[in-house]
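These are the residues of each chain, in order.
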Amino acid sequence: MYRVMVVDDEPWGRRSLRKLIDEFSAVVEVVAEAKHGEEALQLIQISKPHIVVTDMNMPVMDGKAFLEQLFTIHKEIKVIVSSGYSEFEYLKAALTYQVCDYVLKPVSITDLRSAIDKAIEALHKDGDLLQQRHHAMAVWKLQREVFLQHVANERIVNQSDMWRQAHELKIAQAFEAYRVVILAFRQFREVAESKFHGNADLLMFSLENMLVEMIQSEAPLVFTADERMKLCVIMPIGDDGVAYMRKIVSEFQQAACEMLKIDTIIGVSSEFSGIEALPKAYDEALAEVWNNPFHGSGLSASIANAKMSGAESVILSNFDMKTIKQAIVSKNDKEMRSLLELFVQKIAASKHIRIQEVHYAFTRLSETIASGMKELAVPNQPLHQMMELQSLTYYMAKMTAQLAETFQHCGAQDAGFPVREITDFLQKHYFEELSLVDVATRFHLDPSYLSKLFKAVTNENFIEYLTRLRMEKACELLRASDRKVNDISELVGYENQRYFSHVFKKFTGQTPSEYRESCGTS
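Just so it is clear, the structure is predicted and the values come from calculations on it, not from any experiment.

1. Quick look at the side chain of R354
At step 1: With respect to the helices and strands, R354 occurs in the loop between α12 (333-349) and α13 (355-372).
At step 2: A distance of 2.7 Å separates the side chain of R354 from the side chain of N291, its partner in a polar contact.

2. Some words on the environment of V60
At step 1: Within the secondary structure, V60 sits in the loop between β3 (51-54) and α3 (63-73).
At step 2: Setting aside anything within four residues of it in sequence, one finds V60 in contact with H36 and E38.

3. Topic: the nonpolar core
At step 1: Residues F175 and F343 are the most contacted members of the largest nonpolar core, which totals 60 residues.
At step 2: Ranked by residue count, the leading element in this core is helix α10 (residues 278-290), at 7 residues.
At step 3: Apart from the residues within four sequence positions on either side, F343 is in contact with I315, L316, A361, F362, L365, L392 and M396.
At step 4: Of all hydrophobic cores here, the second largest spans 28 residues; its members include V191, V222, I248 and A255.

4. Regarding the packing of helix α2 (residues 37-47) against α3
At step 1: Remark: α2 packs on α3, axes separated minimally by 9 Å, with the N-to-C direction vectors making an angle of 25 degrees. The angle between α2 and α3 places the two elements in the roughly parallel class. Our pair here, α2 against α3, has a crossing hand that is right-handed. In this structure, α2 uses G37, A40, L41 and I44 to contact α3, whose residues at the interface are F66, Q69 and L70.
At step 2: Across the contact of α2 with α3, the residue classes break down as 5 nonpolar, 2 polar and no charged.

5. Let's talk about the side chain of S300
At step 1: In this structure, S300 sits in strand β10 (residues 300-303).
At step 2: The exposure class assigned to S300 is buried, which follows from its relative accessible area of 10%.
At step 3: One polar contact links S300 to N292, side chain to side chain, over a distance of 2.7 Å.
At step 4: Excluding residues within four positions of it along the chain, S300 makes contact with R186, T264, I265, I266, N292 and P293.

Definitions and cut-offs
- Residues numbered from 1 in each chain as written.
- Predicted model: local features only at pLDDT ≥ 70, side-chain atom pairs only at ≥ 80, totals over all residues.
- Heavy atoms only, no water.
- Helix = DSSP H or I, 4+ residues; strand = E, 2+ residues; numbered from the N terminus.
- Polar contact = N/O pair within 3.5 Å; in protein donor to acceptor, adjacent residues only side chain to side chain.
- Contact = heavy atoms within 4.5 Å.
- Core = buried A, V, L, I, M, F, W, Y, C linked by side-chain atoms within 4.5 Å.
- Buried < 20%, exposed > 50% of the residue type's maximum accessible area, 1.4 Å probe, protein only.
- Axes fitted to C-alpha atoms, helices over the stretch in contact; angles between N-to-C directions.
- Parallel < 35°, antiparallel > 145°, perpendicular 65-115°, else oblique.
- Left-handed = near helix turned anticlockwise from the far one by under 90°.
- Nonpolar A, V, L, I, M, F, W, Y, C, P; charged D, E, K, R; others polar.

Laid out in structure tokens, this is it:
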């Protein structure tokens, strides 16, 4: 629905226009009336019309002055002039301020409908152009981001290609002299789940918008890292480059903490020049991210070439690794849980430990677990999300649960060994007359025990499994051969064709003949 404002100093004129508009169109409605231009400008702030139908000869602020103000302040509003005067000055004003149409009083319904249609058409064109501009801008930003990601991660290595695309995207000047600044975030997973319903991309979008608004310039280029959990900034170096960078990240941290309860970790590269150096600058800044303290809150920053104090922390000794491996090999769930809890406790007690040290220790732990049992699927935990104790605790608890489940599965596999032998036997002898007691006797098992074990391992009881196997073989024969149904019945272990057909229809929903016909086999 398009909103219309009527501006006329004569009450009868306003009523007449309102009545005409309400009668001939269901897509427009009059939402406001004004006696002159000044009143109309005030009411526009409230009613926000799409179209204004205005007289020209009015007191206080006449049509000419009103059109000038409207064109300056609200260029998006479409204007129709309705006047009893055809003076040159009024016509000139209408042309100057891009009026959609000029209709003379008394206004006919035909002229007014035509003028409204022109205004609506102009609104459509403006909307399409605006949408096109927004789309073009979004595509340009995406192209720039993808390009920077490719260069930073060395997916584009040809220097001439780099410079050509940088010029095409109008970002070449950013690489004259720069530092790469990478922003990572503690509590990222927790904030994404609690405030964004688990949508990490939406959280990243909010953080990126916040940073771009604070920078308020196209000079520093902002893009997201490949895994979409870090922000990267190519910061030009100037006389106040470092001071400007500190100001921006400080303000960003304050806003991020107040709005999202999230803490920022920053890694800053040394100075570089040339787009071909971006991969090295990026890696250097990323290394500085991991060089930040593991325990901390608020803003934490590490700058390349800055001296770091403190000895490296030893979280897991070789003896610890051997003990963990032994627990894995022996499938000792209790011992394994205890050792993993001790791992977290040691990190919690290491007050000066850095993020990279935690990552290194976690990687060693994962490798030790993998080497302890080849068939054990070691959970692949994302190191880039482990930047504070809360995240580490979450992923260690997840790893512990997955390992315990794998232990249980391995135990079930061992217990199910005779069942695997039995299913192999049934694959070869499904056409014979078999019963649970016969098979249990053959494999020296108690029938009651075999029944429970078979169900636990296959999730089917013995008869269900054997019937499904026979029906699958019958389907295969019906599709691939022209044998008679009676012959196929005997081949899969049923002497009675009628009973076979009954079981087959119950299994497939079709008779054997219907099934063969649906498969196109004559």
